[in-house]
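Below are the chains, spelled out letter by letter.
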Amino acid sequence: MPIVKDTSAYKNVWVFVEQREGKIMPVAIELLGEGRKLADQTGSQLCAIILGKGIEGLTQELISYGAEKVYVAEHDLLDKFTTDGYTKVISDAINEVKPEIVLVGATHIGRDLAPRIAARVDTGLTADCTKLAIDEEDKKILQTRPAFGGNIMATIVCPNHRPQMSTVRPGVMDKAIKDESRKGEVIKLDVKLDQADVRTEVVEIVKTTKELVSLTDADVIVAGGRGLGKAEGFEMLKQLADKLGGVVGASRATVDAGWIDHSHQVGQTGTTVKPQLYIACGISGAIQHLAGMQESDIIIAINKNSNAPIFDVADYGIVGDIYDVVPALIDALDRADDLAAALKEVAGK
Ligand SMILES: Cc1cc2nc3c(=O)[nH]c(=O)nc-3n(C[C@H](O)[C@H](O)[C@H](O)COP(=O)(O)OP(=O)(O)OC[C@H]3O[C@@H](n4cnc5c(N)ncnc54)[C@H](O)[C@@H]3O)c2cc1C
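Rules used in this analysis
Residues numbered from 1 in each chain as written. Predicted model: local features only at pLDDT ≥ 70, side-chain atom pairs only at ≥ 80, totals over all residues. Heavy atoms only, no water. Axes fitted to C-alpha atoms, helices over the stretch in contact; angles between N-to-C directions. Helix = DSSP H or I, 4+ residues; strand = E, 2+ residues; numbered from the N terminus. Parallel < 35°, antiparallel > 145°, perpendicular 65-115°, else oblique. Left-handed = near helix turned anticlockwise from the far one by under 90°. Contact = heavy atoms within 4.5 Å. Nonpolar A, V, L, I, M, F, W, Y, C, P; charged D, E, K, R; others polar. Pairing = 2+ DSSP bridges. Expected span 1.5 Å × (residues − 1). Buried < 20%, exposed > 50% of the residue type's maximum accessible area, 1.4 Å probe, protein only. Core = buried A, V, L, I, M, F, W, Y, C linked by side-chain atoms within 4.5 Å. Salt bridge = Lys/Arg side-chain N within 4 Å of Asp/Glu carboxyl O. Near = heavy atom within 4 Å. Polar contact = N/O pair within 3.5 Å; in protein donor to acceptor, adjacent residues only side chain to side chain.

Some thoughts on the packing of helix α3 (residues 83-97) against helix α4 (residues 108-121)
Stage number 1. Axis separation between α3 and α4 bottoms out at 9 Å; the angle between their running directions is 45°. In terms of orientation, α3 lies oblique with respect to α4. In this structure, the crossing between α3 and α4 has a hand that is right-handed. Every residue of α4 that contacts α3 at Thr83, Tyr86, Thr87, Lys88, Ile90, Ser91, Ile94 and Asn95 is listed here: Asp112, Leu113, Arg116, Ile117, Arg120 and Val121.
Stage number 2. Considering only residue class, the contact of α3 with α4 consists of six nonpolar, four polar and four charged.

Some thoughts on the sheet that holds strand β16 (residues 298-303)
For sheets, the rule is that strands pair by backbone hydrogen bonds, running either parallel or antiparallel.
Stage number 1. The strand order across the open sheet formed by five strands is β14-β13-β15-β16-β17, and the pairing between neighbours is parallel. Only two strands of the sheet have a single neighbouring strand rather than two, namely β14 (247-250) and β17 (316-319). Averaged over all pairs of adjacent strands, the angle between strand axes in this sheet comes to 20°, irrespective of strand direction.
Stage number 2. Note that strand β13 (residues 220-224) and β14 share four bridges and pair parallel. Along β14, the bridge assignment pairs Ile221 with Val247.
Stage number 3. Of the strands in this sheet, β13, β14 and β15 (277-281) touch helix α5 (residues 233-243), which is tilted by about 140° from β14.
Stage number 4. Lying over the sheet, helix α9 (residues 322-348) contacts β15, β16 and β17, oriented at roughly 135° with respect to β16.

Description of α3
Stage number 1. Taking 1.5 Å of rise per residue, 15 residues should cover 21 Å, and α3 covers 21 Å from first to last C-alpha, within 8% of that figure.
Stage number 2. For α3, the buried fraction is high: 11 of the 15 residues fall into the buried class.
Stage number 3. Residues of α3 that are buried include every one of Thr83, Asp84, Gly85, Tyr86, Thr87, Lys88, Val89, Ile90, Ser91, Ala93 and Ile94, and no others.
Stage number 4. Tucked into the core, α3 has its buried residues touching β1 (13-17), β2 (19-20), β4 (46-52), β5 (69-74), β6 (101-105) and α4.
Stage number 5. Two residues or fewer past α3, Lys98 is found with a positive phi of approximately 60°.

A look at the nonpolar core
As a rule of thumb, soluble globular proteins bury nonpolar side chains together.
Stage number 1. Judged by nonpolar contacts, the single largest core of 32 residues is most densely connected at Val17, Leu32, Ile50, Leu62, Val70, Leu103 and Leu132.
Stage number 2. In terms of residues, this core owes the most to one element, helix α1 (residues 26-42), which gives seven residues.
Stage number 3. In this structure, Ile50 is in contact with Val17, Gln19, Ile55, Leu58, Leu62, Val70, Tyr71, Val72 and Ala73, ignoring residues within four places of it in sequence.
Stage number 4. Of all hydrophobic cores here, the second largest spans 26 residues; its members include Tyr86, Ala93, Ala114 and Val198.

Thoughts on the pattern of salt bridges
Stage number 1. For the structure shown, the criterion picks out 19 salt bridges.
Stage number 2. Asp79 is the partner of Lys80 in a salt bridge, and the nearest nitrogen-oxygen pair spans 3.8 Å.
Stage number 3. Given a relative accessible area of 40%, Lys80 falls into the partly exposed group.
Stage number 4. Linking Lys243 and Asp334 is a salt bridge whose minimum nitrogen-to-oxygen distance equals 2.9 Å. Within this pair, whereas Lys243 is found in helix α5, its partner Asp334 is found in helix α9, the two being separated by 91 residues in sequence.
Stage number 5. Looking at Lys243, the relative accessible area reads 35%, which means it is partly exposed.
Stage number 6. What emerges from the salt-bridge pattern is a single network uniting Arg36, Asp40 and Glu68.

Here we look at unusual backbone geometry
Stage number 1. Put simply, Arg162 and Pro163 share a cis peptide bond, and its omega is -5°.
Stage number 2. Relative to the helices and strands, Pro163 resides in the loop between β10 (152-156) and β11 (164-168).
Stage number 3. Phi is positive for Glu21, close to 50°, though the residue is something other than glycine.
Stage number 4. For Asp122, which is not glycine, the phi dihedral falls at a positive 65°.
Stage number 5. Relative to the helices and strands, Asp122 resides in the loop between α4 and β7 (125-129).

Thoughts on the site of the ligand
Stage number 1. In the neighbourhood of the ligand, 24 residues make up the surrounding shell, with Arg226, Ser251, Thr269, Ser284 and Asn303 lying closest.
Stage number 2. The contact in question runs from a nitrogen atom of the ligand to an N or O atom on the backbone of Val266, over 2.8 Å.
Stage number 3. At 3.3 Å from an oxygen atom of the ligand is found a main-chain nitrogen or oxygen belonging to Gly270.
Stage number 4. Mapped onto the shell around the ligand, the elements with two or more residues apiece are α6 (252-256) and α7 (287-290).

Given below as structure tokens:
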């Protein structure tokens, strides 16, 4: 790799805005929130780059989320995501405009795209970051990510190459706050792309018909672990989750056992969540699980083993068998509902 000596030519923070069927993915809004902080700390501008066909209508939304400049690449060949097409257009834009920092969401698309771009523009990339900060002295970005199965947190710096690139785990950063009154500049990129550049052909996009859970949006998550002993245990947790207006989460052990779909998995290789209430039922609290839920506002742990590490992060702990405790909780909530209904009736009379 040649040493880039003149890093001063590179300016501003770029956020790659992933859109699917004209909808901005939530991770892009999280990155605009984080990008704002980095831009403020480095005294630079926050910019968004968005690719697609017929997506110009989204630019104002990105401005309202804090982008000062929005680079737009519109082209028929960018209608659906392809690694080739997106890599070429973004790499060309980076070489021309020279951003200092480029943030990409660590979604399936982002994880496919970012390494290609990094190789093409000859720079460093840190994958799947969970924390970003700016070094006060040299203003370089400190990119922190779990490594070695989550057992250590590694902080990585890209000293001599530009842009400094990171993919960032969805669900970790706070979303940017929308303000419709914000103003920004929309810059159309001159897209140089022809069919020969895009070797991938999208034949069909199949959407899964299975029930999908949105763990990142849930206020309440009732999660189950190997302590459930069997797939049917999740039905009991679903009852509790329904009572509380929440969704069901799971440890990897239960997903590996085939008891529940991976879309429910919380943790380092699943989803990172920050609900108001996380109830961990029969989950030991392995570091890889904690990595995905320890930022929850309130954590309640139910486990037979009082030494289980989950109790170290729990605000409330119940030592007991989940098959005793969870039905008792459902029962108590039922009685509370009955009481509320009775009180309403009395009040109405
Ligand atoms: C690279 C890597 C990535 C990983 N990513 C993830 C991830 O994203 N998410 C994740 O969850 N894991 C992940 N893991 C796996 C992780 O290390 C643990 O193996 C897993 O979290 C354990 O799941 P568990 O707590 O359900 O099971 P266990 O560790 O087996 O714990 C079961 C718990 O249930 C309790 N129990 C048993 N019966 C009952 C009962 N009747 N009532 C009450 N309590 C009971 C036990 O005391 C025990 O504490 C990863 C591992 C690696 C190496």
